[in-house]
Amino acid sequence: MKLVSTRDANGSALSYSDVLLAGLAPDGGLYVPESYPQFMHEELSALKGMPYAAIASAVKQKLVGDAIPQGVLRSMIEDAYRTPTFELENGEVTPVTEIGDNLYLQNLSLGPTASFKDMAMQLLGREMEYELARKGESLVILGATSGDTGSAAEAALSGLESVTLIMLSPEVGMSAFQRAQMGQLSGGNIHNLSIRGRFDDCQDLVKAVKGDPAFAHLGAVNSINWGRISSQVPYYFSGYLQAVKEIGDPVDFVVPSGNFGNVFSGYVAKRMGLPIRNLIIATNENDVLHRLMQTGVYAQKEATITSSPSMDISKASNYERLAFELLDCDPKKLAEYMQTFNQTGAVSLADFGLTPAIFAHAGFESGASSHAERVATIKRLYEERGVVIDPHTADGVGVAYSRGKRDVPTVCLATALPVKFEDTIREALGVVPERPARFVNLEDNLRPDSFTVLDADVEGLKAYLRERII
Ligand SMILES: *Cc1c(COP(=O)(O)O)cnc(C)c1O
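About the criteria used
- Residues numbered from 1 in each chain as written.
- Predicted model: local features only at pLDDT ≥ 70, side-chain atom pairs only at ≥ 80, totals over all residues.
- Heavy atoms only, no water.
- Buried < 20%, exposed > 50% of the residue type's maximum accessible area, 1.4 Å probe, protein only.
- Helix = DSSP H or I, 4+ residues; strand = E, 2+ residues; numbered from the N terminus.
- Pairing = 2+ DSSP bridges.
- Right-handed = clockwise from strand over helix to strand, strands pointing away.
- Near = heavy atom within 4 Å.
- Polar contact = N/O pair within 3.5 Å; in protein donor to acceptor, adjacent residues only side chain to side chain.
- Areas by Shrake-Rupley, 256 points an atom, 1.4 Å probe, with all protein chains shown as cover.
- Nonpolar A, V, L, I, M, F, W, Y, C, P; charged D, E, K, R; others polar.
- Core = buried A, V, L, I, M, F, W, Y, C linked by side-chain atoms within 4.5 Å.
- Contact = heavy atoms within 4.5 Å.

Brief notes about the pairing of strand S8 (residues 251-256)
So, step 1. With respect to burial, S8 is a largely interior element, six of its six residues being buried.
So, step 2. Residues Val 251, Phe 253 and Val 255 of S8 are buried on one face, and the alternating residues Asp 252, Val 254 and Pro 256, pointing to the opposite face, are buried as well.
So, step 3. The sheet contact formed by S8 and strand S9 (residues 276-283) spans five bridges and is parallel. Within the sheet, the bridge partner assigned to Val 255 lies in S9 and is Ile 281.
So, step 4. Considered for its hand, the β-α-β crossover made up of S8, helix H11 (residues 261-271) and S9 is right-handed.
So, step 5. Sheet topology note: the S8/strand S13 (residues 410-414) ladder contains three bridges and is parallel. Each residue of the ladder has a partner; that of Val 254, found in S13, is Cys 412.

Next up, the structure:
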(Lines give C-alpha, C1' and ligand atoms only; values in the text may rest on other atoms or scores of the structure.)
Protein backbone atom coordinates (compact mmCIF):
# COMPACT_ATOMS: atom_id res chain seq x y z
CA MET A 1 0.00 0.00 0.00
CA LYS A 2 1.80 3.11 -1.26
CA LEU A 3 0.81 6.76 -1.55
CA VAL A 4 1.76 9.43 -4.06
CA SER A 5 1.33 13.20 -4.13
CA THR A 6 -1.24 14.53 -6.60
CA ARG A 7 1.35 17.02 -7.88
CA ASP A 8 4.52 14.91 -7.88
CA ALA A 9 5.58 14.33 -11.48
CA ASN A 10 8.29 11.92 -10.29
CA GLY A 11 5.66 9.81 -8.60
CA SER A 12 7.75 8.91 -5.52
CA ALA A 13 5.77 6.34 -3.58
CA LEU A 14 5.55 6.73 0.21
CA SER A 15 4.31 4.49 3.00
CA TYR A 16 1.46 5.23 5.39
CA SER A 17 4.03 6.05 8.13
CA ASP A 18 5.69 8.60 5.85
CA VAL A 19 2.49 10.60 5.31
CA LEU A 20 0.82 10.15 8.71
CA LEU A 21 2.56 13.06 10.41
CA ALA A 22 2.44 15.31 7.34
CA GLY A 23 -0.26 17.57 5.95
CA LEU A 24 0.41 18.74 2.43
CA ALA A 25 3.12 17.07 0.35
CA PRO A 26 6.24 19.25 -0.08
CA ASP A 27 5.11 20.05 -3.65
CA GLY A 28 1.78 21.39 -2.34
CA GLY A 29 -0.17 18.30 -3.43
CA LEU A 30 -2.27 15.87 -1.40
CA TYR A 31 -1.45 12.23 -0.79
CA VAL A 32 -3.60 9.61 -2.56
CA PRO A 33 -3.27 5.83 -2.85
CA GLU A 34 -1.19 4.69 -5.80
CA SER A 35 -3.88 2.02 -6.30
CA TYR A 36 -6.92 1.03 -4.27
CA PRO A 37 -6.77 -2.20 -2.24
CA GLN A 38 -9.73 -4.46 -3.02
CA PHE A 39 -12.46 -6.04 -0.90
CA MET A 40 -13.87 -9.26 -2.31
CA HIS A 41 -17.50 -10.29 -1.96
CA GLU A 42 -16.59 -13.11 0.48
CA GLU A 43 -14.55 -10.76 2.69
CA LEU A 44 -17.49 -8.39 2.86
CA SER A 45 -19.94 -11.19 3.65
CA ALA A 46 -17.68 -12.37 6.46
CA LEU A 47 -17.96 -8.92 8.10
CA LYS A 48 -21.78 -8.85 8.20
CA GLY A 49 -22.93 -8.68 11.84
CA MET A 50 -19.40 -8.19 13.17
CA PRO A 51 -18.63 -5.48 15.76
CA TYR A 52 -17.39 -2.12 14.48
CA ALA A 53 -13.80 -2.77 15.62
CA ALA A 54 -13.62 -5.92 13.49
CA ILE A 55 -14.97 -4.15 10.41
CA ALA A 56 -12.76 -1.11 10.92
CA SER A 57 -9.63 -3.25 11.45
CA ALA A 58 -10.22 -5.24 8.27
CA VAL A 59 -10.78 -2.09 6.21
CA LYS A 60 -8.10 0.12 7.73
CA GLN A 61 -5.42 -2.58 7.61
CA LYS A 62 -5.69 -2.61 3.83
CA LEU A 63 -5.10 1.15 3.77
CA VAL A 64 -2.22 1.05 6.23
CA GLY A 65 -0.38 -1.93 4.75
CA ASP A 66 2.50 -3.10 6.91
CA ALA A 67 3.13 0.36 8.39
CA ILE A 68 1.31 -0.71 11.58
CA PRO A 69 1.26 -4.40 12.61
CA GLN A 70 -2.17 -6.04 12.60
CA GLY A 71 -2.39 -6.67 16.35
CA VAL A 72 -1.31 -3.12 17.16
CA LEU A 73 -3.83 -1.55 14.78
CA ARG A 74 -6.60 -3.77 16.11
CA SER A 75 -5.94 -2.71 19.73
CA MET A 76 -5.81 0.96 18.74
CA ILE A 77 -9.18 0.63 17.04
CA GLU A 78 -10.73 -1.26 19.96
CA ASP A 79 -9.41 1.34 22.37
CA ALA A 80 -10.53 4.32 20.25
CA TYR A 81 -14.17 3.34 19.77
CA ARG A 82 -15.23 1.96 23.14
CA THR A 83 -17.08 3.37 26.13
CA PRO A 84 -16.57 5.80 27.77
CA THR A 85 -14.84 7.56 24.83
CA PHE A 86 -17.82 6.71 22.65
CA GLU A 87 -21.37 6.48 23.96
CA LEU A 88 -22.44 3.37 22.08
CA GLU A 89 -26.08 2.88 21.15
CA ASN A 90 -27.22 -0.74 21.50
CA GLY A 91 -23.56 -1.72 21.29
CA GLU A 92 -23.10 0.03 17.94
CA VAL A 93 -20.44 2.70 17.32
CA THR A 94 -22.17 4.05 14.18
CA PRO A 95 -25.77 2.82 14.51
CA VAL A 96 -28.07 2.86 11.49
CA THR A 97 -31.79 3.50 12.02
CA GLU A 98 -34.65 3.61 9.56
CA ILE A 99 -36.21 7.05 9.15
CA GLY A 100 -38.42 6.53 6.11
CA ASP A 101 -39.14 4.30 3.15
CA ASN A 102 -35.72 2.96 2.09
CA LEU A 103 -34.24 5.87 4.06
CA TYR A 104 -31.72 5.43 6.88
CA LEU A 105 -29.71 7.57 9.26
CA GLN A 106 -26.18 6.53 10.29
CA ASN A 107 -25.11 8.28 13.48
CA LEU A 108 -21.40 9.13 13.33
CA SER A 109 -21.47 11.50 16.30
CA LEU A 110 -21.36 9.37 19.44
CA GLY A 111 -17.75 10.38 20.18
CA PRO A 112 -16.46 12.71 22.91
CA THR A 113 -17.12 16.00 21.05
CA ALA A 114 -20.36 14.99 19.30
CA SER A 115 -19.33 15.37 15.66
CA PHE A 116 -18.19 12.80 13.09
CA LYS A 117 -14.69 14.30 13.31
CA ASP A 118 -14.15 12.18 16.44
CA MET A 119 -14.32 9.06 14.24
CA ALA A 120 -11.08 10.01 12.50
CA MET A 121 -9.36 11.99 15.25
CA GLN A 122 -9.62 9.32 17.94
CA LEU A 123 -7.82 6.82 15.73
CA LEU A 124 -5.39 9.33 14.23
CA GLY A 125 -4.26 10.43 17.71
CA ARG A 126 -3.39 6.84 18.59
CA GLU A 127 -1.62 6.24 15.28
CA MET A 128 0.43 9.42 15.71
CA GLU A 129 1.45 8.44 19.23
CA TYR A 130 2.54 5.00 17.97
CA GLU A 131 4.48 6.44 15.06
CA LEU A 132 6.24 9.06 17.18
CA ALA A 133 7.22 6.46 19.80
CA ARG A 134 8.58 4.20 17.05
CA LYS A 135 10.71 7.04 15.69
CA GLY A 136 11.61 8.39 19.16
CA GLU A 137 10.32 11.80 18.13
CA SER A 138 7.88 14.39 19.35
CA LEU A 139 5.66 16.68 17.32
CA VAL A 140 4.27 20.19 17.63
CA ILE A 141 1.00 20.61 15.72
CA LEU A 142 -0.36 23.97 14.63
CA GLY A 143 -3.98 23.93 13.49
CA ALA A 144 -6.94 26.20 12.81
CA THR A 145 -10.59 25.47 13.49
CA SER A 146 -14.00 27.00 12.94
CA GLY A 147 -15.40 24.73 15.63
CA ASP A 148 -15.62 20.95 15.32
CA THR A 149 -12.06 20.05 14.28
CA GLY A 150 -10.55 21.90 17.24
CA SER A 151 -12.42 20.09 19.98
CA ALA A 152 -12.15 16.70 18.24
CA ALA A 153 -8.37 17.07 17.85
CA GLU A 154 -7.94 18.29 21.42
CA ALA A 155 -10.04 15.47 22.85
CA ALA A 156 -7.94 12.97 20.91
CA LEU A 157 -4.49 14.41 21.64
CA SER A 158 -4.94 15.74 25.19
CA GLY A 159 -2.45 14.17 27.60
CA LEU A 160 -0.13 12.69 24.95
CA GLU A 161 3.52 13.21 25.92
CA SER A 162 4.84 13.21 22.37
CA VAL A 163 2.43 15.82 20.99
CA THR A 164 1.91 19.52 21.66
CA LEU A 165 -1.17 21.00 20.01
CA ILE A 166 -1.68 24.69 19.33
CA MET A 167 -5.18 25.40 18.02
CA LEU A 168 -6.18 28.73 16.53
CA SER A 169 -9.85 29.66 16.61
CA PRO A 170 -11.66 32.89 15.73
CA GLU A 171 -12.56 35.12 18.68
CA VAL A 172 -16.11 35.42 17.34
CA GLY A 173 -18.12 32.93 15.31
CA MET A 174 -18.04 29.68 17.29
CA SER A 175 -21.09 28.67 19.30
CA ALA A 176 -20.82 28.97 23.09
CA PHE A 177 -21.00 25.18 23.22
CA GLN A 178 -18.09 24.73 20.82
CA ARG A 179 -16.00 27.30 22.69
CA ALA A 180 -16.68 25.60 26.00
CA GLN A 181 -15.76 22.20 24.53
CA MET A 182 -12.34 23.50 23.54
CA GLY A 183 -11.85 25.64 26.63
CA GLN A 184 -12.28 22.72 29.00
CA LEU A 185 -9.44 20.88 27.24
CA SER A 186 -6.92 23.74 27.64
CA GLY A 187 -3.82 23.00 29.69
CA GLY A 188 -0.94 20.52 29.58
CA ASN A 189 -0.11 19.83 25.95
CA ILE A 190 -3.16 21.70 24.60
CA HIS A 191 -2.92 25.42 23.84
CA ASN A 192 -5.96 27.37 22.68
CA LEU A 193 -5.31 30.65 20.92
CA SER A 194 -8.23 32.93 20.27
CA ILE A 195 -7.43 35.06 17.24
CA ARG A 196 -8.87 38.57 16.80
CA GLY A 197 -10.29 37.79 13.38
CA ARG A 198 -12.27 35.24 11.42
CA PHE A 199 -11.65 31.59 10.61
CA ASP A 200 -9.99 32.56 7.32
CA ASP A 201 -7.49 34.69 9.29
CA CYS A 202 -6.67 31.67 11.47
CA GLN A 203 -6.11 29.49 8.42
CA ASP A 204 -3.94 32.13 6.73
CA LEU A 205 -1.85 32.47 9.90
CA VAL A 206 -1.17 28.73 9.98
CA LYS A 207 -0.14 28.79 6.32
CA ALA A 208 2.10 31.83 6.75
CA VAL A 209 3.85 30.46 9.84
CA LYS A 210 4.48 27.06 8.23
CA GLY A 211 5.81 28.81 5.13
CA ASP A 212 8.75 29.99 7.28
CA PRO A 213 11.50 27.32 7.18
CA ALA A 214 12.02 27.78 10.93
CA PHE A 215 8.48 26.47 11.50
CA ALA A 216 8.13 24.14 8.52
CA HIS A 217 8.44 21.06 10.79
CA LEU A 218 5.14 21.80 12.53
CA GLY A 219 2.55 19.05 12.04
CA ALA A 220 -1.06 19.23 10.85
CA VAL A 221 -4.40 17.73 11.81
CA ASN A 222 -6.68 19.36 9.25
CA SER A 223 -8.94 17.33 7.01
CA ILE A 224 -6.41 17.04 4.19
CA ASN A 225 -4.36 14.66 6.36
CA TRP A 226 -4.51 11.19 4.76
CA GLY A 227 -4.69 9.57 8.19
CA ARG A 228 -8.00 11.32 8.73
CA ILE A 229 -9.44 10.47 5.32
CA SER A 230 -8.48 6.81 5.63
CA SER A 231 -9.91 6.53 9.16
CA GLN A 232 -13.32 7.58 7.81
CA VAL A 233 -13.52 4.78 5.25
CA PRO A 234 -14.56 1.98 7.68
CA TYR A 235 -17.87 3.56 8.71
CA TYR A 236 -19.11 3.39 5.13
CA PHE A 237 -18.56 -0.37 5.33
CA SER A 238 -20.37 -0.53 8.66
CA GLY A 239 -23.27 1.59 7.35
CA TYR A 240 -23.51 -0.55 4.24
CA LEU A 241 -23.54 -3.82 6.18
CA GLN A 242 -26.28 -2.52 8.47
CA ALA A 243 -28.48 -1.18 5.67
CA VAL A 244 -28.51 -3.97 3.05
CA LYS A 245 -30.51 -7.18 2.96
CA GLU A 246 -28.09 -9.03 0.67
CA ILE A 247 -24.35 -8.39 0.37
CA GLY A 248 -23.79 -7.01 -3.12
CA ASP A 249 -26.98 -4.92 -3.19
CA PRO A 250 -26.34 -1.27 -4.11
CA VAL A 251 -26.69 1.55 -1.56
CA ASP A 252 -26.64 5.36 -1.85
CA PHE A 253 -25.02 7.57 0.80
CA VAL A 254 -25.95 11.20 1.42
CA VAL A 255 -23.01 13.17 2.83
CA PRO A 256 -23.28 16.68 4.35
CA SER A 257 -20.17 18.21 2.82
CA GLY A 258 -17.78 21.11 3.20
CA ASN A 259 -14.13 20.36 2.53
CA PHE A 260 -14.90 17.13 0.57
CA GLY A 261 -13.10 15.00 3.19
CA ASN A 262 -15.96 12.81 4.35
CA VAL A 263 -17.36 12.16 0.89
CA PHE A 264 -13.91 11.40 -0.48
CA SER A 265 -13.62 8.68 2.18
CA GLY A 266 -16.86 7.28 0.74
CA TYR A 267 -15.30 7.35 -2.70
CA VAL A 268 -12.32 5.38 -1.35
CA ALA A 269 -14.76 2.78 0.05
CA LYS A 270 -16.45 2.55 -3.35
CA ARG A 271 -13.10 2.16 -5.10
CA MET A 272 -12.21 -0.62 -2.65
CA GLY A 273 -15.21 -2.56 -3.91
CA LEU A 274 -17.99 -1.59 -1.47
CA PRO A 275 -21.19 -1.66 -3.59
CA ILE A 276 -22.01 2.03 -3.25
CA ARG A 277 -24.09 3.26 -6.20
CA ASN A 278 -24.17 7.02 -5.58
CA LEU A 279 -22.45 9.38 -3.18
CA ILE A 280 -24.85 12.29 -2.88
CA ILE A 281 -23.11 15.49 -1.80
CA ALA A 282 -25.30 17.82 0.27
CA THR A 283 -24.18 21.43 0.75
CA ASN A 284 -25.75 24.43 2.47
CA GLU A 285 -25.82 27.94 0.92
CA ASN A 286 -22.06 27.61 0.43
CA ASP A 287 -22.69 25.47 -2.62
CA VAL A 288 -19.24 25.39 -4.27
CA LEU A 289 -19.45 21.60 -4.56
CA HIS A 290 -23.06 21.48 -5.76
CA ARG A 291 -22.28 23.95 -8.54
CA LEU A 292 -19.13 22.03 -9.43
CA MET A 293 -21.13 18.81 -9.84
CA GLN A 294 -23.79 20.56 -11.96
CA THR A 295 -21.53 22.67 -14.19
CA GLY A 296 -18.02 21.20 -14.11
CA VAL A 297 -16.72 24.57 -12.94
CA TYR A 298 -14.85 24.66 -9.63
CA ALA A 299 -15.23 28.27 -8.53
CA GLN A 300 -14.27 29.71 -5.17
CA LYS A 301 -17.03 31.73 -3.54
CA GLU A 302 -16.76 33.84 -0.40
CA ALA A 303 -18.21 31.86 2.50
CA THR A 304 -21.37 33.12 4.15
CA ILE A 305 -22.14 32.19 7.75
CA THR A 306 -25.01 29.70 7.97
CA SER A 307 -26.82 27.60 10.55
CA SER A 308 -24.72 24.58 9.45
CA PRO A 309 -21.42 26.41 10.10
CA SER A 310 -19.05 23.44 9.80
CA MET A 311 -19.88 23.35 6.08
CA ASP A 312 -19.20 27.07 5.53
CA ILE A 313 -16.29 26.82 3.09
CA SER A 314 -15.14 28.96 0.19
CA LYS A 315 -13.30 26.07 -1.47
CA ALA A 316 -13.13 22.31 -0.91
CA SER A 317 -9.48 21.34 -0.44
CA ASN A 318 -9.95 17.57 -0.66
CA TYR A 319 -11.61 17.85 -4.07
CA GLU A 320 -8.05 17.91 -5.46
CA ARG A 321 -7.91 14.19 -4.70
CA LEU A 322 -10.87 13.46 -6.96
CA ALA A 323 -9.70 15.91 -9.62
CA PHE A 324 -6.47 13.90 -9.79
CA GLU A 325 -8.48 10.77 -10.66
CA LEU A 326 -10.60 12.64 -13.22
CA LEU A 327 -7.45 13.95 -14.90
CA ASP A 328 -6.10 10.42 -15.47
CA CYS A 329 -3.89 10.53 -12.33
CA ASP A 330 -1.60 12.82 -14.31
CA PRO A 331 0.24 15.10 -11.84
CA LYS A 332 1.21 17.56 -14.59
CA LYS A 333 -2.40 18.06 -15.69
CA LEU A 334 -3.52 18.27 -12.06
CA ALA A 335 -0.85 20.86 -11.22
CA GLU A 336 -2.00 22.96 -14.17
CA TYR A 337 -5.67 22.57 -13.15
CA MET A 338 -4.97 23.64 -9.56
CA GLN A 339 -2.71 26.48 -10.67
CA THR A 340 -5.56 27.91 -12.75
CA PHE A 341 -7.86 27.61 -9.75
CA ASN A 342 -5.39 29.19 -7.35
CA GLN A 343 -4.56 32.07 -9.68
CA THR A 344 -8.04 32.92 -10.98
CA GLY A 345 -10.38 31.46 -8.34
CA ALA A 346 -12.04 29.18 -10.91
CA VAL A 347 -11.26 26.29 -13.24
CA SER A 348 -13.45 24.43 -15.71
CA LEU A 349 -13.25 20.74 -16.58
CA ALA A 350 -14.25 21.74 -20.13
CA ASP A 351 -10.76 23.21 -20.57
CA PHE A 352 -9.44 19.72 -19.92
CA GLY A 353 -11.77 18.06 -22.42
CA LEU A 354 -14.26 16.80 -19.78
CA THR A 355 -17.97 17.38 -19.08
CA PRO A 356 -19.79 17.34 -15.72
CA ALA A 357 -21.14 13.90 -16.72
CA ILE A 358 -17.83 12.52 -15.47
CA PHE A 359 -19.02 13.13 -11.89
CA ALA A 360 -22.16 11.03 -12.37
CA HIS A 361 -19.99 8.42 -14.03
CA ALA A 362 -17.77 8.33 -10.93
CA GLY A 363 -20.93 7.99 -8.78
CA PHE A 364 -21.33 11.56 -7.53
CA GLU A 365 -24.59 13.47 -7.35
CA SER A 366 -25.42 16.62 -5.40
CA GLY A 367 -27.99 18.91 -3.87
CA ALA A 368 -28.05 22.06 -1.74
CA SER A 369 -30.33 23.34 0.99
CA SER A 370 -31.12 26.67 2.60
CA HIS A 371 -31.70 27.66 6.21
CA ALA A 372 -35.48 27.46 5.74
CA GLU A 373 -35.14 23.96 4.24
CA ARG A 374 -32.94 22.78 7.13
CA VAL A 375 -35.48 24.02 9.65
CA ALA A 376 -38.34 22.37 7.72
CA THR A 377 -36.40 19.09 7.50
CA ILE A 378 -35.67 19.03 11.25
CA LYS A 379 -39.38 19.64 11.89
CA ARG A 380 -40.58 17.03 9.38
CA LEU A 381 -38.35 14.23 10.66
CA TYR A 382 -39.28 15.04 14.24
CA GLU A 383 -43.00 14.98 13.43
CA GLU A 384 -42.79 11.83 11.32
CA ARG A 385 -40.40 9.78 13.45
CA GLY A 386 -39.68 11.63 16.70
CA VAL A 387 -36.00 11.86 15.69
CA VAL A 388 -34.08 15.11 16.27
CA ILE A 389 -31.19 15.82 13.90
CA ASP A 390 -28.64 18.62 13.79
CA PRO A 391 -28.61 21.27 11.02
CA HIS A 392 -25.70 19.66 9.08
CA THR A 393 -27.45 16.30 9.06
CA ALA A 394 -30.61 18.15 8.00
CA ASP A 395 -28.80 19.46 4.91
CA GLY A 396 -28.34 15.81 3.93
CA VAL A 397 -31.78 14.49 4.89
CA GLY A 398 -33.37 17.50 3.13
CA VAL A 399 -31.54 16.65 -0.08
CA ALA A 400 -32.69 13.02 0.26
CA TYR A 401 -36.32 14.17 0.76
CA SER A 402 -36.17 16.41 -2.30
CA ARG A 403 -35.06 13.53 -4.55
CA GLY A 404 -38.35 11.69 -4.08
CA LYS A 405 -38.79 7.92 -4.34
CA ARG A 406 -35.79 5.78 -3.47
CA ASP A 407 -35.12 2.59 -5.40
CA VAL A 408 -32.16 1.54 -3.24
CA PRO A 409 -31.46 1.97 0.48
CA THR A 410 -30.26 5.54 1.06
CA VAL A 411 -28.08 6.16 4.11
CA CYS A 412 -27.86 9.77 5.37
CA LEU A 413 -24.79 10.42 7.50
CA ALA A 414 -25.49 12.21 10.80
CA THR A 415 -22.37 14.35 11.22
CA ALA A 416 -23.13 16.08 14.54
CA LEU A 417 -25.47 15.79 17.51
CA PRO A 418 -28.26 18.40 17.67
CA VAL A 419 -27.11 19.43 21.15
CA LYS A 420 -24.24 21.38 19.54
CA PHE A 421 -26.63 23.67 17.69
CA GLU A 422 -29.46 24.36 20.12
CA ASP A 423 -30.52 27.69 18.59
CA THR A 424 -31.53 26.15 15.27
CA ILE A 425 -33.28 23.24 16.96
CA ARG A 426 -35.24 25.71 19.10
CA GLU A 427 -36.20 27.58 15.95
CA ALA A 428 -37.43 24.38 14.29
CA LEU A 429 -39.10 22.61 17.22
CA GLY A 430 -39.68 25.28 19.85
CA VAL A 431 -37.65 23.23 22.34
CA VAL A 432 -34.01 22.27 22.71
CA PRO A 433 -32.86 18.65 22.59
CA GLU A 434 -32.12 16.94 25.87
CA ARG A 435 -28.40 17.06 26.64
CA PRO A 436 -26.44 13.86 27.18
CA ALA A 437 -25.19 13.88 30.79
CA ARG A 438 -21.61 14.67 29.77
CA PHE A 439 -22.67 18.00 28.24
CA VAL A 440 -24.96 19.32 30.98
CA ASN A 441 -23.78 22.77 32.18
CA LEU A 442 -20.79 22.58 29.85
CA GLU A 443 -20.64 26.35 29.26
CA ASP A 444 -20.72 27.16 33.00
CA ASN A 445 -17.30 25.67 33.67
CA LEU A 446 -15.30 27.70 31.14
CA ARG A 447 -12.25 29.12 32.92
CA PRO A 448 -11.43 32.70 31.87
CA ASP A 449 -7.79 31.78 31.18
CA SER A 450 -8.50 28.88 28.81
CA PHE A 451 -7.91 30.99 25.71
CA THR A 452 -4.88 33.19 25.01
CA VAL A 453 -6.05 36.10 22.85
CA LEU A 454 -3.71 37.18 20.03
CA ASP A 455 -3.99 39.58 17.09
CA ALA A 456 -4.18 38.08 13.61
CA ASP A 457 -0.50 38.86 13.14
CA VAL A 458 2.09 36.42 11.80
CA GLU A 459 5.08 37.87 13.68
CA GLY A 460 3.11 37.99 16.92
CA LEU A 461 2.18 34.32 16.55
CA LYS A 462 5.77 33.34 15.74
CA ALA A 463 6.98 35.21 18.83
CA TYR A 464 4.41 33.38 20.96
CA LEU A 465 5.52 30.02 19.54
CA ARG A 466 9.22 30.79 20.11
CA GLU A 467 8.71 31.96 23.67
CA ARG A 468 6.12 29.51 24.88
CA ILE A 469 6.31 26.34 22.80
CA ILE A 470 9.39 25.63 20.72
C1 LIG B 1 -16.61 19.05 9.19
C2 LIG B 1 -18.08 18.81 9.14
C3 LIG B 1 -18.76 18.58 7.92
C4 LIG B 1 -18.06 18.63 6.58
O5 LIG B 1 -17.18 17.57 6.36
P6 LIG B 1 -16.08 17.63 5.20
O7 LIG B 1 -15.25 16.44 5.41
O8 LIG B 1 -15.33 18.92 5.41
O9 LIG B 1 -16.82 17.65 3.90
C10 LIG B 1 -20.11 18.29 7.97
N11 LIG B 1 -20.79 18.28 9.15
C12 LIG B 1 -20.18 18.51 10.33
C13 LIG B 1 -20.98 18.50 11.58
C14 LIG B 1 -18.80 18.78 10.37
O15 LIG B 1 -18.20 19.01 11.56
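A word on the site of the ligand
So, step 1. Taken together, 15 residues lie near the ligand, and Lys 117, Asp 148, Gly 258, Asn 259 and Asn 262 sit nearest.
So, step 2. Taking Asp 148, its side chain carries an N or O atom lying 2.6 Å from an oxygen atom of the ligand.
So, step 3. The separation between an oxygen atom of the ligand and a polar main-chain atom of Gly 261 is 3.2 Å.
So, step 4. Coverage of the ligand by the protein chains reaches 96% of its 380 Å² of free accessible surface.
So, step 5. A class-by-class count of the residues in the shell around the ligand yields five nonpolar, eight polar and two charged.

Examining the nonpolar core
So, step 1. If you look at the biggest cluster of nonpolar residues, it comprises 106 residues, and the most contacted ones within it are Trp 226, Tyr 236, Phe 237, Phe 260, Tyr 319, Tyr 337 and Phe 364.
So, step 2. Per-element tally for this core: the top contributor is helix H3 (residues 52-64), with seven residues.
So, step 3. Phe 237 has contacts with Phe 39, Leu 44, Ile 55, Val 59, Ala 269, Met 272 and Leu 274, leaving out every residue within four places of it along the chain.
So, step 4. Core analysis: the second largest hydrophobic core is formed by 20 residues, Ile 389, Tyr 401, Cys 412 and Ala 414 among them.

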